[in-house]
Amino acid sequence: MTLFEPFEAFGDLEEIAERLASEDPSVRRLAVLDLVETSSGEAVPLLAGAILDAEPVVRQQAAQALGEFDGIDVAKALIGAVPDPVAEVARAAADSLAELRDPEASGVLLPLVTHPAAFVRAAVFRALKALQVDASLGPAITGLGDDDPGVRVQAVGVIGYLKKTETLPSLISATRDKSADVRLAAVNALSFARNEVAAQAAAAVLSDSEWQVRAAAAEAIGRIGQASAAGALIASLADSYWQVRQKALQNLGRLRVRDGVEAIVAFLDDELPSLRKDAAAALGDIADPRSRDALTRHTGDADPDVRKTVIWALGQIGGG
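Conventions and cut-offs
- Residues numbered from 1 in each chain as written.
- Predicted model: local features only at pLDDT ≥ 70, side-chain atom pairs only at ≥ 80, totals over all residues.
- Heavy atoms only, no water.
- Helix = DSSP H or I, 4+ residues; strand = E, 2+ residues; numbered from the N terminus.
- Buried < 20%, exposed > 50% of the residue type's maximum accessible area, 1.4 Å probe, protein only.
- Contact = heavy atoms within 4.5 Å.
- Areas by Shrake-Rupley, 256 points an atom, 1.4 Å probe, with all protein chains shown as cover.
- Lys, Arg positive; Asp, Glu negative; His and termini not counted.
- Charge placed at Lys NZ, Arg CZ, Asp CG, Glu CD.
- Salt bridge = Lys/Arg side-chain N within 4 Å of Asp/Glu carboxyl O.
- Phe/Tyr/Trp six-rings, centres within 6.5 Å; stacked < 30°, edge-to-face > 60°.
- Lys NZ or Arg CZ within 6 Å of the ring centre and 35° of its normal.
- Axes fitted to C-alpha atoms, helices over the stretch in contact; angles between N-to-C directions.
- Parallel < 35°, antiparallel > 145°, perpendicular 65-115°, else oblique.
- Left-handed = near helix turned anticlockwise from the far one by under 90°.
- Nonpolar A, V, L, I, M, F, W, Y, C, P; charged D, E, K, R; others polar.
- pLDDT = per-residue confidence, 0-100.

A word on the overall build of the protein
And step 1. Looking only at helices and strands, the protein has 20 helices and zero strands in total.
And step 2. Overall size of the protein, expressed as C-alpha extent along the three principal axes, is 80 × 45 × 30 Å.
And step 3. Within the protein, the proportion of its 320 residues that are buried is 51%.
And step 4. Considering only residue pairs separated by 6 or more positions, the protein has 61% of its internal contacts joining residues 24 or more positions apart.
And step 5. About 14700 Å² of surface is accessible on the protein, with carbon and sulfur atoms providing 51% of the total.
And step 6. Across the protein, 31 positive and 46 negative side-chain charges occur, with their mean positions spaced 11 Å apart.

Given below as C-alpha cells:
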C-alpha cells in the first residue's frame, strides 16, 4: 500500500507533483499516467521533469505520455530524451516525436534528420510529414539516400504530403529503390500528381517484382486519372496475382477505359466472385453497350453480390 491513492484526484496537479517526488518509482509512474488524464497543458513541465527520472520505467512512461500533448516545449523535452541510454526510453521518445502536430515544432525537429540513430531519423520524418512545412522538403529529398529503408520510407512520405510537382523526379527515382517498402511508398506518393509523367511512372511500376507494389501502381494510375496509362492496366489483367488483377479491373472502370471492355468481360466468368463483381462494376462504370449481352448472360450468377452488380451495370448501360 502506498501513501497516495493514485486515481482519486488525478486532476490535482499539486497532488500529482507530490507523488512525482515519491521515493517509490511505481508511485511516480502512476503519477505520470495521471498527468495524461488531466489533459492540461500545465502537465507538460511536470512530464518534462519526469522524463529525466532516475528510473527508466518512469522515463519511458513520461516519454509515452508526452505523445498526448503538443507544442515546442513537448518537442524539446522529447528531444532531450532521444539520447537516453535505455533503448526503450529513447524509442518511446522518438515515437512520441512522430505524433507532434504543431508546425512550429518543425524548427526543433529538423536538426534531428541527421541523428545517428535510424529510428530517430525515421520518427522525425514521420512527424514532419504531418506538419507539412516547406522547410522539410530539402532534408526529405536528402533522406531518400539514407542507408536505412525505414528512413527512406518516411522521407518519401514527407515529399508526397507536400505535393510539389518539382519533386516528381525524386519520387520516380524512389520507385526503383532496392527496398520494396520504399517503392510502395513512392508509387503511392505519385498519386498527388495528376499528370502524364506521374501516370507513365506508375505504369512502369506495374512490372515490379513485388505484387503489392504492382497493385499499388494500378491503384495509383486510377487516382492520377490519365487514361494514357490504360494500356498498362489492361496488360495487368494477366498478372499472376489476383490482387493485381483486381486493382486493374477497378481502375479501368474508374478511368472508363472503353478499350478494356473485351478483356474485362472475360472476368465475368472468373472463378473468384470478387473479380466477377469488380468486372461487372467496371463495365457499369464504362457503360459501353458492347458489354450488354455478356452482362445479361450473368444476371443469374451464383453469387448474390455479383448478381446485384451485374444488374446495376446493365442499368448504367440502359436499354438497347
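Continuing now.
Focus: the pattern of salt bridges
Note on pairing: side chains with opposite charge can pair once their charged atoms come close.
And step 1. For the coordinates displayed, the defined rule picks out 17 salt bridges.
And step 2. A salt bridge links Arg-59 to Asp-84, with the nearest nitrogen and oxygen atoms 2.7 Å apart. On the criterion of sequence distance, the pair formed by Arg-59 in helix H4 (residues 56-66) and Asp-84 in the loop between helix H5 (72-81) and helix H6 (87-97) is long-range, its members being 25 residues apart. Both residues of the pair, Arg-59 and Asp-84, belong to the buried class.
And step 3. Salt bridges sharing partners connect three or more residues here, namely Glu-219, Arg-223, Lys-247 and Arg-254.

Structural notes on the packing of aromatic side chains
And step 1. All chains considered together, the criterion is met by one aromatic pair.
And step 2. Between the aromatic rings of Trp-211 and Tyr-241, the centroid separation amounts to 5.6 Å while the plane-to-plane angle is 15 degrees, which identifies the pairing as stacked. Of the two residues, Trp-211 is situated in helix H14 (residues 211-224) and Tyr-241 in the loop between helix H15 (230-235) and helix H16 (242-254); the sequence distance between them amounts to 30 residues.
And step 3. Judged by its relative accessible area of 24%, Trp-211 falls in the partly exposed class.
And step 4. Tyr-241 gets classed as partly exposed once you look at its relative accessible area, which sits at 38%.
And step 5. Looking at Arg-91, its charged tip hangs above the ring of Phe-119, at a distance of 4.2 Å from the centre.
And step 6. In this structure, Lys-129 packs its charged tip against the face of Tyr-161, placed 5.3 Å from the ring centre.

Re unusual backbone geometry
And step 1. Of note, Lys-163 is a non-glycine position whose phi angle comes to about 55 degrees, a positive value.
And step 2. Structurally, Lys-163 is set in the loop between helix H10 (149-162) and helix H11 (168-174).
And step 3. Classification of Lys-163 by relative accessible area gives exposed; the value is 56%.
And step 4. Even without glycine at this site, Ala-287 takes up a positive phi of about 55 degrees.

A few points about the packing of helix H13 (residues 196-205) against H14
And step 1. Two elements in contact, H13 and H14, have axes separated by 8 Å at closest approach and are oriented at 160 degrees. When the axis of H13 is compared with that of H14, the two are roughly antiparallel. Every pair of crossing elements has a handedness; the one defined by H13 and H14 is left-handed. Listed contacts from H14 to Ala-198, Ala-199, Ala-202, Ala-203 and Val-205 of H13 are Val-213, Arg-214, Ala-217, Ala-220, Ile-221 and Ile-224.
And step 2. In terms of residue class, the contact of H13 with H14 is made up of ten nonpolar, no polar and one charged.

What to know about the environment of Leu-128
And step 1. Along the chain, Leu-128 turns up in helix H8 (residues 118-131).
And step 2. Assessed through its relative accessible area of 0%, Leu-128 is described here as buried.
And step 3. Along the primary structure Leu-128 and Gly-157 are separated by 29 residues, whereas in three dimensions their C-alpha atoms are 9.0 Å apart.
And step 4. When neighbours within four sequence positions are excluded, Leu-128 is seen to be in contact with Ser-106, Leu-109, Leu-110, Val-113, Val-133, Ser-136 and Val-158.

Considering the confidence of the model for the protein
When pLDDT is low, close inspection of the predicted coordinates is not appropriate.
And step 1. Residues with a pLDDT of 70 or more make up 96% of the protein, whose mean pLDDT is 93.
And step 2. Confidence over residues 1-10 falls short of pLDDT 50; this stretch has 16 contacts with residues more than four positions distant or in other chains.

Side note on the packing of helix H1 (residues 13-20) against helix H3 (residues 43-50)
And step 1. In the contact formed by H1 and H3, the axes pass within 11 Å of each other and the chain directions differ by 5 degrees. Overall, the two elements H1 and H3 adopt an arrangement that is roughly parallel. Residues Leu-13, Ala-17 and Leu-20 of H1 form the contact with H3, whose participating residues are Ala-43, Leu-46 and Ala-50.
And step 2. Considered class by class, the residues forming the contact of H1 with H3 number six nonpolar, no polar and no charged.

Looking at the environment of Leu-252
And step 1. By the secondary structure assignment, Leu-252 is in helix H16.
And step 2. Residues Leu-252 and Ala-218 lie 34 residues apart in sequence; the distance between their C-alpha atoms is 9.0 Å.
And step 3. In this structure, Leu-252 is in contact with Ala-230, Leu-233, Ile-234, Leu-237, Val-257, Ile-264 and Ile-286, ignoring residues within four places of it in sequence.

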